[in-house]
Amino acid sequence: MHSAYYFWDKKDDCLKISTVGANGTNTFPAPIRPYFKCLSEKIDVVLGVGKGICNEIHVTSTDFIDLQRKPTHLVEVVNPTQVRDIRQGCMEHGLGYKQILEADIAFIRNWMLTKDVRCAQKYSKLYYDIEIWDKDGRPTVSKPVFPIISIGGVDHEGRDYFFTAPHTTLEEARANEKDILKRFMSLLESKNYGLNIGWYSGGGNAETTESTIDYPYISARLQSNNLKHRLSQHRWMDLVIPFAFTRRYKWKSTSLDYVSGQLFGKRKKLKPPSGRVADFTLEQLQSYNVGTEDEPGDVWLTKMIDSTAMSEGNGTLSDLMVQLAYEAHIFPDEVLYTPNIFTETAKPSRTIDALLIEEARRLKYALPSKPTPTERPTHKTYLGAVIVRPPIPGAYTNVLVNDIESLYPYCVIKEKISPDPDGLILPNILLRYLDKKRKARNLIERNAYKIILVASYGMFGSPFTRFYDTTKAELVTKKGKEIVLKAAEFYDALGYRTIYGDTDSVFMLLPEDPRSVGLNVKDVALSISGDVEERLRDIYGRDFIINMPPAMFASEIYFTKAGGGTRGAKKRYYAHVTWDEKKGDCDYYHKVGLEIIRSDQFSLLQRTQEDLLRLKSVGKDKEAEDMLLTIKDALLAGLYPITDLVISKGFGQENYKSMPPHVKVRDELKKRGLWNEQDSKVHFVWAKRGAVPYIEEEEIRDVNYAKYFSLISRMAVRADVNAHVAETKRDNASLDLFSS
């Protein structure tokens, strides 16, 4: 079953459910009445409010108790909107989300499914993208006035679809838009895809942000063309949200072109003439919108990212969402409920919430409602996932990193940290999913269970949840810190000096690379950690399951200083990895917390950072300083091509307190008639007269090379490159990179 929703049948005067699956649509009466629970001691207030809202209201006592062990009543009404209205009325009488219980669960579009009505485990998929007339202004969701000129799609089996029509003028585009929309909706209705997947598409939440445009824009244009449709009955999902969650923002951009270039080295080759998509010929538009697997457009790029983004391979991101949805009796597009990934952290909150509701019902607990915005508690800071042993800055060799597997879930289980007074709801879920993770049949299942285990305790730290309690959140992190510190002490006692303790991992020095004496890195690591695991069990009990598998071995690793002091920086290091848990023997550089150069900065700066860190990781401080001097000479002599110095900046906002240089450059381009409103970035170069537009055909004679070296110098300070070199033969002056 791909989709389901409640609706009020006016003919039969009752609540029904409509389900949509591969075999079409089925409708049947809802198995339960619209309901909520309340504290028994408050039932008179609820009845007083309810009688003024609905004619038919049923109240019965229950064997459910709230989280304070108080008895509850079940309140059943007729129409789902009455649940909302009664809750609102009770709030005016001082009853909040902890007295009016479960009033947010049963009858919203994002409902939790029953065991008899569950989402499918296999979904047919359509990857899609739209293009909009852009010759008379920038298309936005807030003002969807311009017609759609093409809709492209590729299904999960690689069949592509492309709907367009001539659009040489705005009037012609408007006249032909209805036909494009009809053909697209006909495809959706005939194929009935389980998931319609875009990149920034608007998804099931249909938020009208400017970055999520496709789904809400299609809906608006259907309405403008007076076309009846069932768009909301199909499932829609933004791929960028699970991508951002699973990648945890390790990359500086989530644009489709950037991500595809980083993942598999493919970007769109075709660029709009004059910067406007509407200027494409129909053939060019097809290549840009859809393309092919060999020369992909937006749609093929989206499909390829879905298939490639799982770092271990063997599965897609959308498959992972389906698995998380199936576990929690919800739908894939609801797993990661985040209106905008740039304003909220993407977390699988719906999945965790649904699992907690299900377990609470089994244990006969009635849960609080999620707080409304006016009821939401003020967030209190608490001790989070802290660094338990800061590093001593410098370069090290032969560093083994051992993780403590499922540390926080085991802390929750051991300490019985849970919303309920018996300490059962959350530990029961975690025990079940630890077992499921061990028995996982494939990588998708394993990753889904891992996400549930890792994300579950976070509900205590968010005021948006029904279980907000920073005291309990801090109990988890404190116990985790205690265990990591104990593990570090035991490694030290065994003769392996620990140089860094992270949230759930320990970095230690080995006397040599095990492979240099014919040993296997994993075998050596497991032997060492086995001794530590036994010592930890002696302290925390034999039932406390502690596994400390190796994560990686670095032949060289470099920790930077914190600020201008002498202590090491937290979560900032650069490692030459020669073995890891997934690849075995390997050879690559791993950067953590040192992405100090934005991806939109000039390429010379990005290359210099990488080269400096590699030299620092092997202790070649002098070579790093010499390299900077060489770069300075070359820069001041104008030896670098201008393309190495181009800076590209996007527009995250328009209400700037002061006018930044890239906005000034854009305004200059507008005055010259060279700016296209469809462009998302402006490209400029620092000249002695300030920031100037970078235009290939125009020569810039007054490049400010000193400014560029100043930017490189600041980066070098953050990378701990001490280039305070005494008088040199080159310039007979001190080169002080600590000066701003």
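Please refer to the structure higher up on the page.
Read on for a plain summary of the structure. (Residues numbered from 1 in each chain as written. Predicted model: local features only at pLDDT ≥ 70, side-chain atom pairs only at ≥ 80, totals over all residues. Heavy atoms only, no water.)

## Remarks on the overall build of the protein chain
Helix and strand counts for the protein chain stand at 19 helices and 21 strands. Counting across all 740 residues of the protein chain, residues that qualify as buried make up 53%. (Helix = DSSP H or I, 4+ residues; strand = E, 2+ residues; numbered from the N terminus. Buried < 20%, exposed > 50% of the residue type's maximum accessible area, 1.4 Å probe, protein only.)

## Regarding the environment of arginine 441
Within the element layout of this structure, arginine 441 appears in the loop between α12 (425-438) and α13 (443-455). Overall, arginine 441 belongs to the exposed group, its relative accessible area being 69%.

## What about unusual backbone geometry?
Located in the positive-phi region is glutamate 102, a residue other than glycine, with phi close to 55°. Topologically, glutamate 102 is positioned in the loop between β7 (100-101) and β8 (125-132). Classification of glutamate 102 by relative accessible area gives buried; the value is 1%. Of note in the backbone geometry, lysine 364 takes a positive phi value of approximately 65° without being a glycine.

## Some remarks on the packing of α12 against α13
Close contact between α12 and α13 brings their axes to 9 Å; oriented N to C, the two are set at 155°. As summarised for this structure, α12 and α13 are arranged roughly antiparallel, according to the angle between their axes. Here α12 and α13 pass one another in a crossing that is left-handed. From α12, Leu430, Tyr433, Leu434, Lys436 and Lys437 reach across to α13, where they touch Arg446, Tyr449, Lys450, Ile452 and Leu453. Class assignment for the residues of the contact of α12 with α13 results in six nonpolar, no polar and four charged. (Axes fitted to C-alpha atoms, helices over the stretch in contact; angles between N-to-C directions. Parallel < 35°, antiparallel > 145°, perpendicular 65-115°, else oblique. Left-handed = near helix turned anticlockwise from the far one by under 90°. Contact = heavy atoms within 4.5 Å. Nonpolar A, V, L, I, M, F, W, Y, C, P; charged D, E, K, R; others polar.)

## Focus: helix α17 (residues 621-636)
Here α17 is 16 residues long and its end C-alpha atoms lie 23 Å apart, about the 22 Å a rise of 1.5 Å per residue gives. Buried within α17 we find Ala624, Glu625, Met627, Leu628, Leu629, Ile631, Lys632, Ala634 and Leu635. Where α17 ends, the next residue or the one after it, glycine 638, has phi of about 70°, a positive value. (Expected span 1.5 Å × (residues − 1).)

## Section: the sheet that holds β7
Two orientations exist for strands paired in a sheet by backbone hydrogen bonds: parallel and antiparallel. Spatial ordering of the open sheet is given by β5-β6-β4-β7, a layout of four strands whose pairing is antiparallel. With partners counted over all chains shown, the strands left at the sheet margins are β5 (58-65) and β7, one partner each. Looking at chain direction, strand β4 (residues 35-39) and strand β6 (residues 71-76) are connected through five bridges and run antiparallel. Counterpart to leucine 39 in the pairing with β6 is threonine 72. (Pairing = 2+ DSSP bridges.)

## Digging into the environment of phenylalanine 184
Tracing the backbone through its elements, the reader meets phenylalanine 184 in helix α3 (residues 170-191). Spatially, the C-alpha atoms of phenylalanine 184 and phenylalanine 162 are 8.7 Å apart, while their sequence positions differ by 22 residues. Residues within four places of phenylalanine 184 in sequence aside, it is in contact with Leu126, Ile151, Phe163, Ile218 and Trp236.

## Regarding the pairing of strand β20 (residues 681-687)
Across the seven residues of β20, five count as buried, placing the element largely inside the fold. Sheet topology note: the β20/strand β21 (residues 690-693) ladder contains four bridges and is antiparallel. Looking at the pairing, alanine 687 lines up with glycine 690 of β21. The loop that links β20 with its antiparallel partner β21 comprises two residues.

## Side note on the side chain of threonine 316
With respect to the secondary-structure elements, threonine 316 resides in the loop between α8 (298-308) and α9 (317-328). One polar contact links threonine 316 to lysine 125, side chain to side chain, over a distance of 3.3 Å. Polar side-chain contacts of threonine 316 include one of 3.2 Å to the side chain of serine 318. In this structure, threonine 316 is in contact with Lys125, Asp306, Ser307, Met310 and Ile444, ignoring residues within four places of it in sequence. (Polar contact = N/O pair within 3.5 Å; in protein donor to acceptor, adjacent residues only side chain to side chain.)

## Description of the packing of aromatic side chains
Under the criterion given, the structure shown has 17 aromatic pairs. Among the aromatic side chains, those forming a connected cluster through ring pairs are Tyr396, Tyr500, Phe507, Phe559 and Tyr573. Directly above the ring of phenylalanine 64 sits lysine 37, whose terminal nitrogen or CZ lies 4.6 Å from the centroid. Cation over ring: lysine 707 sits above tryptophan 686, and NZ or CZ is 4.5 Å from the ring centre. (Phe/Tyr/Trp six-rings, centres within 6.5 Å; stacked < 30°, edge-to-face > 60°. Lys NZ or Arg CZ within 6 Å of the ring centre and 35° of its normal.)

## Considerations on the packing of helix α10 (residues 349-362) against α12
One can describe the packing of α10 onto α12 by two numbers: an axis separation of 9 Å at closest approach and a directional angle of 115°. One element, α10, and the other, α12, form an angle in the roughly perpendicular class. Crossing angle aside, the handedness with which α10 passes α12 is right-handed. From α10, Leu355, Leu356, Glu359, Ala360 and Arg362 reach across to α12, where they touch Ile425, Leu426, Asn428, Ile429, Arg432 and Tyr433. Grouping the amino acids of the contact of α10 with α12 by side-chain chemistry returns seven nonpolar, one polar and three charged.

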